[in-house]
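Fold and contact review
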Amino acid sequence: MRVLLYFIVFVLFMYGCNDKEERDFPSVQTHANVIVEEDGVTVFGSLEGGWSSTITDVGFIYYLSNTNGTDYETVSLGYTDSGMSEFKTKIVRNLAIGGEYVVKAYLTTSKYTVYGEEQHFISKGGIAPVINSFSPQDFWIGDTITIRGQYFSDKNVANNIYFREEVTHPIVSSDSVLRVIVPRAIKTSKSFLRIEVAGKSSSLSENFRIAPPAIDEILPENVLLGESFKIKGHGLLSIKSLIIGQQNFPVVTQSDTSLLFTLTYNISPGSQNLKLMMLDELLEPEKQYNIVLPQITSVQPQIAWIDSVLTVKGTHLDRLTNFQIGGIPLQEITKTDSLVTLRVTAVFNSETLNARFRYNGDIDSGLKITFNMPVITSISPAITHAGETIELTGERFFYGMAPSIGMLTDVSENKAKLTLPWMIPAGKHTIDLSYMFDFSARTVEFTIPPIKIIDYWPKEIKRGDTVSVIVENLPENLSGYYAVAFDRRPGYVMARNGNELQCIVPYDAEIGNNPSLSVYVGLQDDMIENAFVLTEKWEKVDKNFAMSGGNCFFIDMDGAHYLLFQDQHYSSLKKFDSSAEDWFQLSRTDLFNESYIVTTFSIDNDLYFISYNSSGENLNYKYSISNNEWSRIAGFPVEMDGPFSFSDQGRGFVGTINSFFEYDKVNDSWITRQTLPTTQYEVRNTLNFSHENYAYLGFYTSIVNRTEYNEFWQYNMDTDEWIDLGGAPVNVYTGGSVFTKDNIAYIMGIGYEGPGEFKAYDLNSNKARNLTLPPTQWYQYYQIFYENGYVYFMMRPDSYSGWSLFKIAISELYEYG
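Each value, and the rule that gives it
- Residues numbered from 1 in each chain as written.
- Predicted model: local features only at pLDDT ≥ 70, side-chain atom pairs only at ≥ 80, totals over all residues.
- Heavy atoms only, no water.
- Phe/Tyr/Trp six-rings, centres within 6.5 Å; stacked < 30°, edge-to-face > 60°.
- Helix = DSSP H or I, 4+ residues; strand = E, 2+ residues; numbered from the N terminus.
- Buried < 20%, exposed > 50% of the residue type's maximum accessible area, 1.4 Å probe, protein only.
- 1 Å grid on protein atoms, 1.4 Å probe; cavity = no way out; pocket = protein on both sides within 12 Å on 5 of 7 lines; lining within 4 Å.
- Points joined across faces, edges and corners; volume = space filled by probe spheres on them.
- Nonpolar A, V, L, I, M, F, W, Y, C, P; charged D, E, K, R; others polar.
- Pairing = 2+ DSSP bridges.
- Axes fitted to C-alpha atoms, helices over the stretch in contact; angles between N-to-C directions.
- Core = buried A, V, L, I, M, F, W, Y, C linked by side-chain atoms within 4.5 Å.
- Contact = heavy atoms within 4.5 Å.
- Salt bridge = Lys/Arg side-chain N within 4 Å of Asp/Glu carboxyl O.

The next subject is the packing of aromatic side chains. Here the structure, examined in full by the defined rule, presents 54 aromatic pairs. Aromatic side chains W305 and F398 sit 6.1 Å apart centroid to centroid with 55 degrees between the ring planes, which places their arrangement in the tilted category. In this pair, W305 is assigned in the loop between β32 (303-304) and β33 (309-315) and F398 in the loop between β41 (389-395) and β42 (402-403), connecting sequence segments 93 residues apart. Judged by relative accessible area, W305 falls into the buried class, the value being 17%. You can call F398 buried: its relative accessible area is 7%. For the pair F636 and F661, a centre-to-centre distance of 5.3 Å together with 80 degrees between the ring planes defines the contact as edge-to-face. Of this pair, F636 sits in the loop between β67 (629-633) and β68 (644-648) while F661 sits in strand β70 (residues 660-664); the two residues are 25 residues apart in sequence, bridging distant segments of the chain.

Turning our eyes to something else, we now look at empty space enclosed by the protein. Gaps left between atoms are located by rolling a probe of water-molecule size over the structure's atoms. Scanning all chains against the criterion turns up 1 cavity of 30 Å³ or more. Empty space within the largest cavity amounts to approximately 30 Å³. Around the largest cavity sit R93, N94, L95, G126, I127, P129, Y151, V197, A198 and K200, which together line it. Class assignment for the residues of the lining of the largest cavity results in 6 nonpolar, 2 polar and 2 charged.

Attention now moves to the sheet that holds strand β40 (residues 375-380). Read across the sheet, 4 strands follow the order β40-β41-β44-β43 without closing on themselves; strand pairing throughout is antiparallel. This sheet does not close on itself; its edge strands, each paired only once, are β40 and β43 (407-409). Averaged over all neighbouring strand pairs, the angle between strand axes comes to 35 degrees, with direction disregarded. In the sheet, β40 pairs with β41 via 5 bridges, with the strands oriented antiparallel. Residue pairing across strands places I376 opposite G394, the latter belonging to β41.

Turning our attention to the nonpolar core. With 93 residues, the main nonpolar core has L242 and F486 as its most contacted residues. Non-local contacts of L242, meaning those with residues more than four positions away in its chain, are made with F229, Q247, N248, F249, F261, L263, L274, K275, L276 and Y289. One finds I147, V180, L193 and F208 within the second-largest nonpolar core, a separate group that totals 22 residues.

Across the sheet, 4 strands lie side by side as β60-β61-β62-β63; this open sheet has antiparallel pairing. Each of the sheet's edge strands pairs with one partner strand only, and the pair in question is β60 (551-557) and β63 (582-589). In this sheet, neighbouring strand axes are inclined to one another by 25 degrees on average, regardless of whether the strands run parallel or antiparallel. Two strands pair when backbone bridges link them, and β60 and strand β61 (residues 560-566) are joined in this way by 7 bridges, in the antiparallel orientation. Within the sheet, the bridge partner assigned to C552 lies in β61 and is F565.

With that out of the way, let us pick up the pattern of salt bridges. Applying the stated criterion across every chain, the model contains 29 salt bridges. A salt bridge links E662 to R651, with the nearest nitrogen and oxygen atoms 2.8 Å apart. With E662 in strand β70 and R651 in strand β69 (residues 651-655), this residue pair connects regions lying 11 residues apart in the sequence. Residue E662 is classed as buried on the basis of its relative accessible area of 8%. The salt bridge partner of R673 is E662, with a shortest N-O separation of 2.8 Å. Of this pair, R673 sits in the loop between β71 (669-672) and β72 (687-691) while E662 sits in strand β70, and the two are 11 residues apart along the sequence. Linked by salt bridges that have partners in common, E227, D318, R319, D337 and R358 make up one network.

Scope: geometric values only; no functional claims are made or implied.
Spelled out as structure tokens, the structure:
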């Protein structure tokens, strides 16, 4: 009902107006004849009726029809002619092409603003804004600048002001003046200014440039690595980063008057010229600052001991940690920016004091702190022997100090026991103490008296005899290396009684007819030349056989002795001539250059060699003594794994752990025989020989607590049967060598440790008797054989050395057994 009442009142009011009754203000009409052109729109308005109030302004407002009309543009025409009833204008600004607009005329009095009816039009566009000038000419980001021109919009949001790509809006807008704050989003220091209104734009004829900032001060001037510093000034919002060398440090916090930067630790300290990136431009103001590290300027005292307190002075010391000398950490007591006190808690090497500065590594003071080294004042006893213990007295002893001789034990602050080394020569010696590269200021002296042979007996010896030697100045405890030697070949010292040493002349040593006597204690020695008369029957044959660096394979055949020597290029077959006591070459061949000989045997007047090459191919050859010719024979039927061989009575046998064959010379074939009935899984380094119709085979099976265990088998060639004889007569760790004569097998062998053995083994009773060993040391490469009344022993110490030959009449073998 109330709405209806208001409507009736409004109709009556309008009726009164239509009756042209005089009022305070006239009515205003917006004419429909809107003239739309490409550069604007001409609109018309008029005033009607009488009015009593004074009109102050007339004009038009316009806005896009899809808005609510509150965001409108105004074209004010003023009112100067009291008789004016019609007015018009051409709207040229802020008209978007294709936009549908609403336009209304208006008038204003001192009390009222009256609008005419709405008229609509479709815009074809207006006039682009015109920029005449801007001020100030030099400005910073964040400053407010004034742009003067024409055809701007009254609305801030309708004026798009471009600083290159960055767009912003003014804070004050009118038809001819815009006030805008320079935005922080600007990316370049030099740019153009462009204003766009309703899709049309224009640019300033000249580019503008952001003014460089004013730098007032850098705080602090000395900047510590890893920490922050400030730059004070004005116009600093354009600064993006700090440049040091090749590194770029972005701004941490920023205002128009202040910048904050934080440095990293990987910068070289020193004076720096200030370099700043102002947007995309490098600025180099005439300002400098210093990048510094903490600095240690003094340390007192400079000679220190455990529990000494060091006073350290410098700058930025409170940023330092892990104070140390020579890698030994120090205990911090107090710490300020300029003063640190430290306690020495352990022994250190005399070096410079340094500390850890965060991630930048060590700060070295360059000031060396010397460790107050121990002092030796006395030694007891002053005359001593190798390996004995003496006592040192002094000051500031500690565990970890090193004597120049010997080893320290039971160390206290002023006393220490020192065990002298065994390997020390006779004479006067001095002792000092060191720690790393520091040495004690004083030394002490002691004397090692020389050993001397006073007497010995007997004067005539043979290998195996016991010799007594009286030696002066023997150490109380013979704890290190010591020996009694004959022609420098050590014997076995079996006992000591005071200054008397009892030694056995070595069985396996090669010594002369008048051997010398030597005593060795550590680095000391004493010798008596031609001390004894040797009553031995073994003789060394003075020959140089020049067969070194290759393998030798020995073959016996009907009392004659042959060997095949393999060097890198050829194999030489030689025969021993007992009259000349030398080996003479029968043949030279390259048949075995690419193969490895594993065993040999002989039948009648022929020598046989069983071998295989790197591909596993079996290559067997026969050498005929009668016509001096080589020929190939049938391959072995099975794989050659640990072979052994026998030959006797014109027959030859070759076997492995899993097979056993007899060679058929007539048909060049292999005949299967009874396999060795052992439970072992391999046969290596065999002792093998034959006598009449029997063959013998020995091999080691295990070593337990340095004791050898082995097997010894007899093979009956007639019945093809194996008989277990128990253990071998000698140790056979490296095989063995044998010759037979008069139902006696003369067997030589050597075990895992200890000297070799030489025994006469009765083939009927299976009993053995020791024989005198030849006078030399031997291990793996040796051969024993008999010819024309003499027993010959041939050996070499290793595969690279030449062979030596010894002999003894077989009648003299038992004399010393």
